[in-house]
Amino acid sequence: RRYTVFTHLLGQRHNPATGGPVWGQHDSEPLNGGYPTHQWFVGEIILDRHCLQVDPNAPPGVYQIEIGMYILETMERLAVRDADGRPVGDRILLSKIRVVAEGEK
C-alpha cells in the first residue's frame, strides 16, 4: 500500500489554528516522495527525515513528537504493533522537547 508519513508536534494547549493540540506538522511520502512505501522490500530500513516548523504562536512549554503513516485518499492510519504483533494504536510517540520564548535560553 502507498502511505504518507505524518509528523506532529503536540502541545498541552489547544491550537486554534489547527483545532487541536498540533503546533507543528510535516506530512509527505518517504524521502519527500522519492521512495513510496509500495516500492519497499520486506525488512528494508528507510531513513526518512522530517523538519517541523513550530507555530510562532506556540506557548513555551513541553511538547511531544508523534509519527505515523496513513493512506492519503482515505486518511486511514496504519496500525502500530508491538514486538509480539499486538496492536498498540495508530501512532508512535517520540521524545519530548521544550519550546522556549524567543530570546529565552
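Residues numbered from 1 in each chain as written. Predicted model: local features only at pLDDT ≥ 70, side-chain atom pairs only at ≥ 80, totals over all residues. Heavy atoms only, no water.

Draft legend 1. Expanded view of the packing of aromatic side chains. With the rule as written, the count across this model stands at one aromatic pair. With centroids separated by 6.2 Å and ring planes inclined at 35°, the aromatic side chains of Phe6 and Tyr70 adopt a geometry described as tilted. Taken together, the positions of Phe6 in strand E1 (residues 4-15) and Tyr70 in strand E3 (residues 61-70) put the pair 64 residues apart, joining distant regions of the chain. Looking at Phe6, the relative accessible area reads 1%, which means it is buried. (Phe/Tyr/Trp six-rings, centres within 6.5 Å; stacked < 30°, edge-to-face > 60°. Helix = DSSP H or I, 4+ residues; strand = E, 2+ residues; numbered from the N terminus. Buried < 20%, exposed > 50% of the residue type's maximum accessible area, 1.4 Å probe, protein only.)

Draft legend 2. Here's a closer look at the nonpolar core. Listed in full, the six residues of the largest apolar core are Leu9, Trp23, Ala58, Tyr63, Ile65 and Val99. Residue contacts for Tyr63: discarding those within four places in its chain leaves Leu9, Leu10, Gly11, Trp23, Ala58, Ser95, Lys96, Ile97 and Val99. (Core = buried A, V, L, I, M, F, W, Y, C linked by side-chain atoms within 4.5 Å. Contact = heavy atoms within 4.5 Å.)

Draft legend 3. Seen up close, the pattern of salt bridges. One pass over the structure, following the stated rule, counts five salt bridges. Arg86 is the salt-bridge partner of Asp82, the closest N and O atoms lying 3.1 Å from each other. Residue class for Arg86 comes out partly exposed when judged on its relative accessible area of 49%. A salt bridge links Asp84 to Arg86; the nearest nitrogen and oxygen atoms lie 3.2 Å apart. Asp84 sits in the exposed class, given a relative accessible area of 59%. Each member of the salt-bridge network shares a partner with another, and the members are Asp82, Asp84 and Arg86. (Salt bridge = Lys/Arg side-chain N within 4 Å of Asp/Glu carboxyl O.)

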